[in-house]
Amino acid sequence: MRSFRHLSVLAAVAALVLVSSLRLGGQSADLPDSAPIATIGAGSTVAVNVDVIIPANQGAIYFQNGAVTTWEQIDKKAPSCRLSAVESPVVRRLVPGRKIVITGTRQNNASVNFYGDVLEFEEDATVGELQCAPGRKGAMTIADLKQVFGAMFSLIQAPPIVG
C-alpha cells in the first residue's frame, strides 16, 4: 500500500512537470505587455475595431498611435506598423468585427529593413502580414503593439496549448 501511495505521488509530480513544460513551450493567453510580439502564439487574432480603408493599387498601409498614416509622416523613433496588403485595382475595406488569424511570428532585428518584427497571417485575399518596429533598439513588445493599435485593432491572444 505504501508503494502505491509513492507511485501515485510520483505520477502526480510527473504530470505537473509535463503540463508546466508544455505551458512554457506553448503560447499563453496572458502574456505580459513587456513580452516581445514574437512570443504571440499561432491562433491568436488581430480584431478590426474600426473601418480601415486600403486604397486601390496600394500594397501597404502604415499606422501609428491608433491612426493610419504615411511612411513620410511616421515618427521613426516611436512604435509603428505596416500592414502588407495584396495589391488590387479597387479600394478595399477592413470592417469592424473582422478577425485576422495569426499563424506565426518572425523576429528579424538584424535586418536593414526598418520593419523587422512580423506577425504572419492565415492566407487571406486582402492582408498578408503585419510588420512592426519599436522605434528603438530591441524587440517590439505587446505594449508597443497596443500603442500602435490604439482603438483601431485589438490583439486577442489564443488560449495556451496543453496536451
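Here, every reference points to the structure presented above.
(A) Spatial organisation of the state of the cysteines. If you walk through the whole model with that rule in mind, you get one disulfide. Shown here is the disulfide that connects cysteine 81 with cysteine 132, its sulfur atoms set 2.1 Å apart. Handedness of the cysteine 81-cysteine 132 disulfide follows from its S-S torsion of about 105°: it is right-handed. A residue pair is termed long-range when its members are at least 10 positions apart, and cysteine 81 in strand β5 (residues 80-85) and cysteine 132 in strand β9 (residues 127-133) qualify at 51 residues. Judged on exposure class, the residue cysteine 81 and its partner cysteine 132 are both buried.

(B) Molecular detail of the sheet that holds strand β1 (residues 45-48). Taken in spatial order, the eight strands line up as β4-β3-β5-β9-β8-β7-β1-β10 in an open sheet, and their pairing is antiparallel. The strands lining the two open edges of the sheet, one partner per strand, are β4 (67-69) and β10 (153-156). When the angles between neighbouring strand axes are averaged without regard to direction, this sheet yields 30°. As paired strands, strand β8 (residues 117-121) and β9 are joined by four bridges and run antiparallel to one another. Bridge pairing links valine 118 to glutamine 131 in β9. Each of β1, β3 (60-64), β5, β8, β9 and β10 is contacted by helix α2 (residues 142-149), which is oriented at about 150° to β10, the strand it contacts most.

(C) Representation of the pairing of strand β7 (residues 99-107). Bridge count between β1 and β7: three bridges; the pairing is antiparallel. Bridge pairing in β7 links alanine 47 to lysine 99. Where β7 meets β8, five bridges bridge the pair, whose relative direction is antiparallel. The partner of threonine 105 across the bridge, within β8, is leucine 119.

(D) Layout of the pattern of salt bridges. Under the definition given, this model contains four salt bridges. In this structure, lysine 146 engages aspartate 33 in a salt bridge whose closest nitrogen and oxygen atoms are separated by 2.7 Å. In this pair, lysine 146 sits in helix α2 while aspartate 33 sits in the loop between α1 (2-25) and β1, placing the two residues 113 residues apart along the sequence. A salt bridge links arginine 98 to aspartate 124; the nearest nitrogen and oxygen atoms lie 2.3 Å apart. Of this pair, arginine 98 sits in the loop between β6 (92-94) and β7 while aspartate 124 sits in the loop between β8 and β9; the two residues are 26 residues apart in sequence, bridging distant segments of the chain.

(E) The packing of aromatic side chains, seen in detail. Evaluated as defined, the whole model comprises four aromatic pairs. Taking the centre distance of 5.8 Å and the plane angle of 50° together, the rings of tyrosine 62 and tryptophan 71 count as tilted. Given a relative accessible area of 33%, tryptophan 71 falls into the partly exposed group. Taking 5.3 Å as the distance between ring centres and 50° as the angle between the ring planes, the aromatic pair formed by phenylalanine 149 and phenylalanine 153 counts as tilted. Judged on exposure class, the residue phenylalanine 149 and its partner phenylalanine 153 are both buried.

(F) Expanded view of the side chain of threonine 126. Secondary-structure assignment places threonine 126 in the loop between β8 and β9. Judged by relative accessible area, threonine 126 falls into the buried class, the value being 13%. When residues no more than four places from it in sequence are discounted, the contact partners of threonine 126 are Ile54, Ser84, Ala85, Val86, Arg92, Leu94 and Arg98.

(G) Layout of the pairing of β10. Alternating positions in β10 separate cleanly, Phe153 and Leu155 being buried on one face and Ser154 and Ile156 remaining unburied on the opposite face. Here β1 pairs with β10 via four bridges, running antiparallel. Residue pairing in the sheet places alanine 47 in a bridge with serine 154 of β10.

Rules used in this analysis
Residues numbered from 1 in each chain as written. Predicted model: local features only at pLDDT ≥ 70, side-chain atom pairs only at ≥ 80, totals over all residues. Heavy atoms only, no water. Disulfide = S-S within 2.5 Å. Helix = DSSP H or I, 4+ residues; strand = E, 2+ residues; numbered from the N terminus. Buried < 20%, exposed > 50% of the residue type's maximum accessible area, 1.4 Å probe, protein only. Pairing = 2+ DSSP bridges. Axes fitted to C-alpha atoms, helices over the stretch in contact; angles between N-to-C directions. Contact = heavy atoms within 4.5 Å. Salt bridge = Lys/Arg side-chain N within 4 Å of Asp/Glu carboxyl O. Phe/Tyr/Trp six-rings, centres within 6.5 Å; stacked < 30°, edge-to-face > 60°.

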